[in-house]
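The chain contents come next:
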Amino acid sequence: MSRERVSVFLARRSYRRRRMADAARLLPLAGGVLFCVPLLWKASDEGARTVGAMIYIFVLWVLLVVVSALVSRHLRHGDGEREGEEGSGGGGME
Amino acid sequence: MTVLNILVLVCMLYVVLLFAVAFGADRAARQGRVRWLRSPVVYTLSLSIYCTAWTFYGAVGFAARSGLEFVTIYLGPTLVMIGWWWTLRRLVRVGRSQRITSIADLISSRYGKSNLLAVLVTVLAVIGTTPYIALQLQSVTLSFSAFAAFAEPGPPVAPLADMQSTALWVAAGLAVFTILFGTRNLDANERHHGVVMAIAMEAVVKLCALLAVGIFVVWGLAGGVAATLDRIETSEIARFEVSGGRWVGLTMLSAMAFLCLPRMFQVMVVENEDEDHLRTAAWAFPGYLMLMSLFVLPIAAVGLEVMPAGTNPDLFVLTLPLMEGRDGLAILSFLGGFSSATSMVIVAAIALSTMVSNHVVMPIWLHYSGGAAMVSGDVRNVALTARRISIIGVLFLGYVYFRISGGGTALAAMGLIAFVGVAQFLPSLMGGLFWRGATRTGALAGLSAGALVWLYCLFLPSFGPSVFLSETLHAEGPWGIGWLRPYALFGAEGMDPMLHALMWSLMMNVGAFLLGSLLSFPQPLERLQGAQFVNVFDHSGTPGGWSGGMAQSEDLLIMAQRIMGAREAQDLFSAAAARQGVAGYLPEPSPDFLQELERALAGSVGAATAHAMIAQIVGGAAVSVRDLMAVADETAQIMEYSSQLEAKSQELARTARQLRQANEKLTQISVQKDGFLSQISHELRTPMTSIRAFSEILRDTDDLSAGDKHKYAAIIHDETVRLTRLLDDLLDLSVLENGQVDLNVQSGTLGALIDRAVRAAGGETEHFAVRRDHEAERVDLSTDLDRLAQVFINLVSNARKYCDADPAVLSIRPAVTGDQLVVDFVDNGGGIPTEMQAVIFEKFSRIGETKAGGAGLGLAICREIMARLGGHVSYLPGQTGAAFRVSLPVSARMAAQ
């Protein structure tokens, strides 16, 4: 329960784990932005083609699945939860 | 016609398989073989109830009408799952630590266990889900009639009446399945292994079906990937003409609905076995969705090209194989749609029935029944019945909705409309999880505002003009105020109606939620719950510590018996007592125990009701130092330290109390032992003295008359008989204690045994009546009847001697529960004081000062006898007077004839 002073520099393992948690948080944001990219294509001369957008979306989808699988492999249950909360914002303010 | 017959047969077989899988999984779970039931794969597959028949058939229709836009329905959930670290992890942790039973329960728990909020959420969920169930029924009947149309060309063979009977059969079958496997246990927090397993299987079936159709279309009909892409390029949907607003709006909407749909909440949070499963689902479920949508566009494009104009694109998945004469593939595809529809309806019905029974039926019932029911499991039966009736009610509502709407196109739009409805939960849900300042008032205001705008702008107009809202109101607004037109609120004209309603309802919702939260002041319980939810990873304990005194344990037991059933409650209490190192049924009402009890009750009747019931008895939650800690975070470290000291000192005080109790008990026993020894010496001495005196007279006096000699010898004889009896008792006890006793097993009925005991104890008089249940006494026994009779005689004569009521009435209540024969002896007197309950079974123990002159060995002998017979005798608190319970294992009695 007690919140001891955490040292500024962490061991390599827990450092990596924290960055993985950051990556897990970033992934949906990146995905959301990237999924919207085809909307920009309309600006070109005669409009975007469905086939192109479809290939783009599905390739991106597969990539997201793969990256998500890689990231969550490093986030075992019970790891880094305490430190995870410090960065999530919102928590603890009233 | 044969294809149709085969279809019906395959359907029947499939349903049988479904029941078998559910039954097998339930059985395996009962036998403890749950490892494979708990795998993350099963969890991931169970999430697939997101893909209903609306997505199975409708996605292709959606794609045929608006091209790639359909994919947004899957992109939202994909992003939510990939972003599990943000929300789902927290949601699941909160759900598990608070034993949440539904989304209504979660929101009500967060905002101070308010039942009003729970009712609001429940009503909104029912309004949003009923049409969705109707949609599933429609999809099954539509696909069935599509089959019928192909099987028998010519005039349409499926008139409306036929369709409706199909829907009725499907609804009835689903109701049976859901009641059978979804209401096994009252505790909604326990896992429904059977249901989850069946859903996982259906997930596989629908994925395989869609993939099979897709592969057939791409490589069978179109002739390879490149050719398929060419076909898309030349079809009507070749141009990517998606409005940015709809693209982003639909993605957000589906993401919100994914979190808020009651059925998703059920599988994602309530049925979750292990938080770690999220890690797998985080990538596996997006993969599943990707596969589900991979072939949608090709099927749509090929369908548009091949099928005659005017064919319903919603059924391309089915009609394409049929058209090509691939009956087997068509049947598989039908099963896929059938699976999607049934799994959604089953889970939705479970989720809704839990909400309706816990938050609507139970509070009303408890309010009206008051404290009428004392010791019985009646609340439990009411709750289970309420849940079953709710399931039937929800499915019936869905069917009625389907009948009334006539299965028309109005239903097809229903999917997105329902999404917007449930998305109204999101601000309160997310606000509650991330913002400590969110209050009950805010949540109420936000939910009501959002729900009203949704009803007015989207739900009611969806029935078509002049059904609920008149045509003039649509065109000119109420009272001619143009700003209030349902499709152009505040002058927002020309927007897509769905986006329009989504935007305004969420804006109003969030606005009212924030404003209400900022302006109101939360109650202590809300603040505690808020801290517990927001900081769930720091404090995984429970909020609202209870503090109570010893006297309340008995009241708590009485209440718990009403809800959980007498046996379960007694088990829970005695287990807790054993953990605390206290003998008997009454644990100390420590904060930990009260929390455990509240959780156990919450699993049955929901958090709000459970909290209210405990508060009634204990008299309000005390805010413990540890909980205050969570609120006042600023001085965390100092207060943490002192709170730990506080907790330690509390624990010390508790230990000291227990030690004191043990010491008191020892002292009491020691005093009793001294008393007994002096009593024994006295009892031994008196006969000894007269034996000595009279034998000396006989020895020393020569001229005794024959009459005197005989008299003195008789006195000596009587005294030795008395001595022998006393020594027999002592010997009996020591033999029993040392286990050197031979049991003389005989057969007889319980009734005859009780007859004998009552007679031997002196029978009934005008001051002493015995009330018996002759029906329940018809149990055959095979045990040492003489020993058992000795116990019964002792208990009956104790009641006769010590019961202080006039007339004294002793009730003898036998019952067979599970593997135990239980006989309760309950009298109507003042009972035994709590402090004496601990020692009455000790040797030499007598209540009061030898009023009736026993040696204090009776109950001790009883206890030893019962131990030898494999059962036990114990004092049963919480009854009308003194009550003793004799339990005997089932092996000692034969099954009743």
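S.K.: Help me out: how do you make sense of the overall build of chain A in this one?
M.R.: For chain A, the count of helices and strands is 3 helices and 0 strands. Ordered by position from the N terminus, the helices and strands of chain A form the series α-α-α. Across the 94 residues in chain A, those meeting the buried criterion constitute 36%. Sequence separation of at least 24 residues holds for 62% of the intrachain contacts in chain A that already meet a minimum separation of 6. Surface exposure of chain A reaches about 5800 Å², of which carbon and sulfur atoms provide 61%.

S.K.: Help me out: how do you make sense of the overall build of chain B in this one?
M.R.: Across its full length, chain B holds 35 helices and 9 strands. Sorting the 897 residues of chain B into buried and exposed places 56% on the buried side. Taking as baseline every contact in chain B between residues at least 6 positions apart, the subset at least 24 positions apart corresponds to 79%.

S.K.: Looking at this model, I keep getting lost on the packing of helix 10 (residues 193–222) of chain B against helix 14 (residues 277–294) of chain B. Mind explaining?
M.R.: Think of two packed helices as two axes; the pair is described by the angle between the axes and how far apart they sit. Residue and element names in this part refer to chain B. At a minimum axis separation of 8 Å, helix 10 and helix 14 run at an interaxial angle of 35°. Of the two elements, helix 10 crosses helix 14, and the hand of that crossing is left-handed. Packed against helix 10, whose contacting residues are Ala-203, Lys-206, Leu-207, Leu-210 and Leu-211, the element helix 14 presents Tyr-288, Leu-291 and Met-292 at the interface.

S.K.: Looking at this structure, how should I read the packing of helix 7 (residues 103–110) of chain B against helix 20 (residues 425–434) of chain B?
M.R.: Residue and element names in this part refer to chain B. Where helix 7 contacts helix 20, the axes come no closer than 10 Å and their chain directions differ by 50°. Compared by their axis directions, helix 7 and helix 20 come out oblique. Considering the relative orientation of helix 7 and helix 20, their crossing is left-handed. Listed contacts from helix 20 to Ile-103, Leu-106, Ile-107 and Arg-110 of helix 7 are Phe-425, Ser-428, Leu-429, Gly-431 and Gly-432. Along the lines of polarity and charge, the residues of the contact of helix 7 with helix 20 split into 5 nonpolar, 3 polar and 1 charged.

S.K.: I keep staring at the packing of aromatic side chains and nothing clicks. Help me out?
M.R.: How two aromatic rings sit relative to each other is given by the distance of their centres and the angle of their planes. Residue and element names in this part refer to chain B. Following the criterion strictly, the structure yields 26 aromatic pairs over all chains and no others. With centroids separated by 6.1 Å and ring planes inclined at 70°, the aromatic side chains of Tyr-14 and Phe-338 adopt a geometry described as edge-to-face. Of this pair, Tyr-14 sits in helix 1 (residues 2–30) while Phe-338 sits in helix 17 (residues 327–369), and the two are 324 residues apart along the sequence. Like Phe-338, Tyr-14 is buried. Here Phe-177 and Phe-181 contribute two aromatic rings whose centre-to-centre distance is 5.0 Å and whose plane-to-plane angle is 50°, an arrangement assigned as tilted. Here Phe-181 and Phe-177 lie together in helix 9 (residues 160–182), a separation of 4 residues that amounts to about one turn.

S.K.: For this particular structure, what's the right way to read the sheet that holds strand 9 (residues 883–889) of chain B?
M.R.: The strands making up a sheet associate through hydrogen bonds between their backbones, and the pairing can be parallel or antiparallel. Residue and element names in this part refer to chain B. The 5 strands are arranged 4-6-7-9-8 in an open sheet whose pairing can be described as mixed. For this open sheet the edge positions go to strand 4 (768–772) and strand 8 (872–875), each flanked by a neighbour on one side alone. Across the sheet, the axes of successive neighbouring strands diverge by a mean angle of 20°, strand direction being ignored. Summarising the sheet, strand 6 (residues 808–817) and strand 7 (residues 820–827) pair through 8 bridges and their orientation is antiparallel. Directly across from Thr-817, in strand 7, lies its bridge partner Gln-820.

S.K.: Where do I start with the nonpolar core in this structure?
M.R.: Soluble globular proteins tend to pack their nonpolar side chains together in the buried interior. Of all hydrophobic cores here, the largest spans 207 residues; its most connected members are Trp-61 of chain A together with Phe-70, Phe-147 and Phe-425 of chain B. Residue contributions to this core peak at 18 residues, all from helix 10 of chain B.

S.K.: So what exactly am I meant to see when it comes to the pairing of strand 6 of chain B here?
M.R.: The two faces of a sheet get side chains in turn, since along a regular strand they alternate between them. Bridge analysis of strand 4 of chain B against strand 6 of chain B gives 5 bridges, and the strand direction is parallel. Residue Arg-772 of chain B lies in a different strand from strand 6 of chain B, and its bridge partner there is Ile-812 of chain B.

S.K.: How should I be thinking about the pattern of salt bridges in this particular structure?
M.R.: Where side chains of opposite charge bring their charged atoms close, a pairing between them can arise. Applying the stated rule across the entire model yields 16 salt bridges over all chains. Two residues, Asp-314 of chain B and Arg-65 of chain B, come together in a salt bridge whose shortest N-O distance is 3.4 Å. Taken together, the residues span a long stretch of sequence, with Asp-314 of chain B in the loop between helix 15 (296–306) and helix 16 (316–323) and Arg-65 of chain B in helix 4 (residues 58–66) at a distance of 249 residues. According to the relative accessible area criterion, Asp-314 of chain B is buried, its value standing at 18%. Since its relative accessible area comes to 54%, Arg-65 of chain B is described here as exposed. Where Arg-885 of chain B meets Asp-824 of chain B, a salt bridge forms, and the shortest distance between an N and an O atom there is 2.9 Å. Taken together, the positions of Arg-885 of chain B in strand 9 and Asp-824 of chain B in strand 7 put the pair 61 residues apart, joining distant regions of the chain. With respect to burial, Arg-885 of chain B and Asp-824 of chain B carry one shared label: buried. Salt bridges sharing common partners tie together Arg-19, Asp-22 and Arg-25 of chain A.

S.K.: Could you clarify how one ought to interpret unusual backbone geometry in this entry?
M.R.: The phi angle of most residues is negative, glycine excepted, and most peptide bonds adopt the trans form. In this structure, Lys-113 of chain B takes a positive phi of about 50° despite not being glycine. Counting through the fold element by element, Lys-113 of chain B comes out in the loop between helix 7 and helix 8 (115–151).

S.K.: Explanation requested: the environment of Val-356 of chain B in the structure shown.
M.R.: Residue and element names in this part refer to chain B. Tracing the backbone through its elements, the reader meets Val-356 in helix 17. With 35 residues separating them along the chain, Val-356 and Ile-391 place their C-alpha atoms 9.3 Å apart. Other than its neighbours up to four places away in sequence, Val-356 contacts Thr-122, Val-126, Val-361 and Ser-390.

S.K.: Just checking my understanding: could you explain the environment of Gly-748 of chain B for this structure?
M.R.: Residue and element names in this part refer to chain B. Within the secondary structure, Gly-748 is located in strand 3 (residues 746–749). By relative accessible area, which is 22% here, Gly-748 ends up partly exposed. Expressed as a C-alpha distance, the spacing of Gly-748 and Ser-782, which sit 34 residues apart in the sequence, is 6.6 Å. Setting aside chain neighbours within four positions, we find Gly-748 in contact with Val-779, Asp-780, Leu-781 and Leu-785.

S.K.: Would you take a moment to explain helix 16 of chain B for this structure?
M.R.: Along an α-helix, residues three or four positions apart point the same way, because every turn accommodates 3.6 residues. Residues and elements named next belong to chain B. Where burial is concerned, most of helix 16 is hidden: 7 out of the 8 residues are buried. Within helix 16 the residues assigned to the buried category are Phe-316, Val-317, Leu-318, Thr-319, Leu-320, Pro-321 and Leu-322. Downstream of helix 16 by one or two residues, Gly-325 has phi in the positive range, about 75°.

S.K.: Please explain the side chain of Thr-251 of chain B as it appears in this structure.
M.R.: All names here are of chain B. For Thr-251, the location among the structural elements is in helix 12 (residues 244–260). On the accessibility criterion, Thr-251 (12% relative accessible area) is buried. Within the local environment of Thr-251, its side chain forms a polar contact with the backbone oxygen of Trp-247, the two atoms lying 2.7 Å apart. When residues no more than four places from it in sequence are discounted, the contact partners of Thr-251 are Thr-72, Leu-75, Gly-76, Leu-79 and Arg-246.

S.K.: What am I meant to see in helix 32 (residues 750–760) of chain B here?
M.R.: All names here are of chain B. All of the buried residues along helix 32 are Leu-750, Gly-751, Leu-753, Ile-754, Ala-757 and Val-758. Along the long axis of helix 32, the arc covered by the buried residues comes to 160°, so they all point the same way. Among the exposed residues of helix 32, those pointing more than 90 degrees away from its buried face are Arg-759 and Ala-760. On its buried face, helix 32 sits against strand 3, strand 4, strand 5 (780–783), helix 33 (785–802), strand 6 and strand 7. Gly-762 lies just past helix 32 and shows a positive phi near 110°.

S.K.: Whenever I open this one, the side chain of Asp-784 of chain B confuses me. Can you help?
M.R.: Residues and elements named next belong to chain B. Tracing the sequence through the fold places Asp-784 in the loop between strand 5 and helix 33. For the buried Asp-784, no salt bridge exists, and the shortest N-O distance to an oppositely charged side chain is 4.7 Å, to Arg-787. In contact with Asp-784, not counting residues within four places along its chain, are Asp-742, Leu-743, Asn-744, Val-745, Gln-746 and Leu-869.

S.K.: Any chance you could explain a nonpolar patch on the surface here in plain terms?
M.R.: Together, Val-510, Leu-514, Leu-515, Leu-518 and Leu-519 of chain B make up an exposed nonpolar region whose accessible area comes to about 510 Å². Structurally, the position occupied by Leu-515 of chain B is in helix 23 (residues 497–519).

S.K.: What is the right way to look at the confidence of the model for chain A in this model?
M.R.: Any residue range with low pLDDT should be treated as having predicted coordinates unsuitable for detailed reading. The share of residues in chain A with pLDDT of 70 or more is 63%, and the mean pLDDT across the chain is 73. The secondary-structure element of chain A with the lowest mean pLDDT is helix 3 (residues 81–86) of chain A, recorded at 40, while helix 2 (residues 50–73) of chain A shows the highest, at 92.

S.K.: Sorry, what's going on with the confidence of the model for chain B here?
M.R.: Residue and element names in this part refer to chain B. Per-residue confidence for chain B averages 81 on the pLDDT scale, and 87% of its residues sit at or above 70. The element-level mean pLDDT for chain B is lowest in helix 29 (residues 625–631), coming to 47, with helix 5 (residues 72–82) highest at 94. Scored below 50 in pLDDT, residues 540–545 makes 24 contacts in the model with residues more than four places away or belonging to other chains. Confidence drops under a pLDDT of 50 for residues 547–551, and excluding neighbours within four residues, the segment shows 10 contacts in the predicted structure. Both confidence scores are given for the complex: pTM 0.69, ipTM 0.80.

Conventions used here
Residues numbered from 1 in each chain as written. Chains lettered and ligands numbered in written order. Predicted model: local features only at pLDDT ≥ 70, side-chain atom pairs only at ≥ 80, totals over all residues. Heavy atoms only, no water. Helix = DSSP H or I, 4+ residues; strand = E, 2+ residues; numbered from the N terminus. Buried < 20%, exposed > 50% of the residue type's maximum accessible area, 1.4 Å probe, protein only. Contact = heavy atoms within 4.5 Å. Areas by Shrake-Rupley, 256 points an atom, 1.4 Å probe, with all protein chains shown as cover. Axes fitted to C-alpha atoms, helices over the stretch in contact; angles between N-to-C directions. Left-handed = near helix turned anticlockwise from the far one by under 90°. Parallel < 35°, antiparallel > 145°, perpendicular 65-115°, else oblique. Nonpolar A, V, L, I, M, F, W, Y, C, P; charged D, E, K, R; others polar. Phe/Tyr/Trp six-rings, centres within 6.5 Å; stacked < 30°, edge-to-face > 60°. Pairing = 2+ DSSP bridges. Core = buried A, V, L, I, M, F, W, Y, C linked by side-chain atoms within 4.5 Å. Salt bridge = Lys/Arg side-chain N within 4 Å of Asp/Glu carboxyl O. Polar contact = N/O pair within 3.5 Å; in protein donor to acceptor, adjacent residues only side chain to side chain. Arc of directions from axis to C-beta. Lys, Arg positive; Asp, Glu negative; His and termini not counted. Patch = residues over 30% accessible without salt bridge, like charges linked within 9 Å, V, L, I, M, F, W, Y side chains within 5 Å. pLDDT = per-residue confidence, 0-100.

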